[in-house]
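Overview (structure and organization)
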Amino acid sequence: MDVVHATSEPITALRNKDLLGIASLSPGEIVLILNTAEAMKEVGQRAIKKVPTLRGRTVVNLFFEPSTRTRTSFEIAEKRLSADTLNVAIASSSVVKGETLVDTALNIEAMAPSMIVLRHSSSGACHLLSRICRAAIINAGDGMHEHPTQALLDAFTIRERKGRIADLKIAIVGDLLHSRVLRSNILLLTKLGAQVWVCGPPTLIPRGIETLGVRVTTSVDAAVEDADVVMMLRIQLERMEGGFFPSVREYFATFGMTQARVARAKDDVIIMHPGPINRGVEIASEVADGPFSVILDQVANGVAVRMAVLYLLAGGAEHETAA
Ligand code: CP
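Residues numbered from 1 in each chain as written. Predicted model: local features only at pLDDT ≥ 70, side-chain atom pairs only at ≥ 80, totals over all residues. Heavy atoms only, no water.

Quick notes on the overall build of the protein
- Along the protein, the regular secondary structure elements total twelve helices and nine strands.
- Relative to the globule expectation of 20 Å for 323 residues, the C-alpha radius of gyration of the protein, 19 Å, shows essentially globular dimensions.
- Seen through its C-alpha atoms, the protein measures out along the principal axes to roughly 55 × 50 × 40 Å.
- Counting only residues that meet the buried cut, the protein has 55% of its 323 residues in that class.
- Contacts spanning at least 24 positions in sequence make up 73% of the contacts within the protein whose residues lie at least 6 apart.
- If you sum the accessible surface of the protein, you get close to 13,900 Å²; carbon and sulfur atoms cover 53% of it. (Helix = DSSP H or I, 4+ residues; strand = E, 2+ residues; numbered from the N terminus. Rg over C-alpha atoms; globule rule 2.2 N^0.38 Å. Buried < 20%, exposed > 50% of the residue type's maximum accessible area, 1.4 Å probe, protein only. Contact = heavy atoms within 4.5 Å. Areas by Shrake-Rupley, 256 points an atom, 1.4 Å probe, with all protein chains shown as cover.)

Quick look at the structure:
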């Protein structure tokens, strides 16, 4: 039985004011978010894709690193929930004059937003703001630490396609060392009972990763063999100064996901990638655009999952009763 459905007491609210990572979520809270996202997905299929849930609440999107999917889908999610939403353009903000993250956050906080969605290059930046801000802090990716909403939308997509997460063989292949997506996914998928395999070149495998309850291999064939899910991770060239592997061509030859490698997995395997994709580096275009790919489903589901997170952090049904 799926661990998702095995918790005795149904959870109806999140315990913490912030979403800082998967580490602080219980299996029941994860299931609550996934179930709530199913209802939010239905909102996105209506002719009028808007509900009044967050009317009168202000959400600030504060992205210190580039983003296409996360920032856009948070903004769409906020608008679908009728929040007043604001994107701080870091390049034209006082950050370029040297204002610190803490001072930036305190000044935004002074204008009384309900929530701040933060992406930052420093691991722990969200934890720092959570201690000084009354607003709920949502981690949209902090350094090499966590990217919780990515893992939640990945889990939502897996559950939607496979009907469960427990006991699935999930192979995660690529740049393990620099990936906050990997860390959040390992935490989430093992909490829900999946068998997680991780694979990459020895230089890109974090020391001690096996203590997180995953199988570690440098053989893509072993990782992909009979897998239900293959999740490719981007080679994060911007976080490398070179020397992690001889060349992009060699990396693709040894670790790239090709149709021949996909054929080793289960017949109904799904191929995932959080994006952005490096075509011909970690994944062949025929695979990224092929029949097993759910990469754009992941993006679509990101809106529903982020709506669920915003709704639940705003108090969920309790907030609606009080309104
Ligand atoms: N997956 C992801 O975080 O993509 P972005 O960097 O475009 O937000």
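Things to note about the sheet that holds strand 5 (residues 169–173)
- Here we have five strands laid out as an open sheet, ordered 7-6-5-8-9, and parallel in their pairing. Strands at the two margins of the open sheet, each flanked by one partner only, are strand 7 (215–217) and strand 9 (270–272). Between one strand axis and the next, the sheet turns by 20 degrees as a mean value, whatever way the strands run.
- Pairing analysis gives five bridges linking strand 5 to strand 6 (residues 195–199), with the strands arranged parallel. Bridging across to strand 6, Lys-169 finds its partner in Gln-195.
- Each of strand 5, strand 8 (229–232) and strand 9 touches helix 5 (residues 148–162); the most contacted strand, strand 9, lies at about 170 degrees to it.
- With respect to the sheet, helix 6 (residues 180–191) is in contact with strand 5, strand 6 and strand 8, its orientation differing from that of strand 6 by roughly 160 degrees. (Pairing = 2+ DSSP bridges. Axes fitted to C-alpha atoms, helices over the stretch in contact; angles between N-to-C directions.)

Considering the side chain of Glu-29
- Tracing the sequence through the fold places Glu-29 in helix 1 (residues 27–43).
- What Glu-29 contacts, discounting residues up to four positions off in sequence, is Ile-11, Ala-13, Leu-14, Arg-15 and Ser-24.

Observations regarding the packing of aromatic side chains
- A complete count under the given rule lists two aromatic pairs for this structure.
- Through a chain of ring-to-ring contacts, three or more aromatic side chains come together here, namely Phe-245, Tyr-251 and Phe-255.
- Here the basic side chain of Lys-169 rests over the ring of Trp-197, its NZ or CZ set 4.1 Å away from the ring centre. (Phe/Tyr/Trp six-rings, centres within 6.5 Å; stacked < 30°, edge-to-face > 60°. Lys NZ or Arg CZ within 6 Å of the ring centre and 35° of its normal.)

Focus: the environment of Ser-26
- With respect to the secondary-structure elements, Ser-26 resides in the segment before helix 1.
- Distance in space between the C-alpha atoms of Ser-26 and Leu-192 is 9.6 Å, their sequence separation being 166 residues.

Quick word on the pairing of strand 1 (residues 58–63)
- Burial analysis of strand 1 places five of its six residues in the buried class, the great majority of the element.
- Pairing of strand 1 with strand 2 (residues 84–88), which is carried by five bridges, proceeds in the parallel orientation. Looking across to strand 2, one finds that Asn-61 is bridged to Asn-87.
- Of the crossover connections in this fold, the one passing from strand 1 over helix 2 (residues 69–80) to the parallel strand 2 is right-handed.
- Judged from the five bridges that link them, strand 1 and strand 3 (residues 115–120) form a sheet pairing that is parallel. From the neighbouring strand, Leu-62 faces strand 3, where its bridge partner is Leu-118. (Right-handed = clockwise from strand over helix to strand, strands pointing away.)

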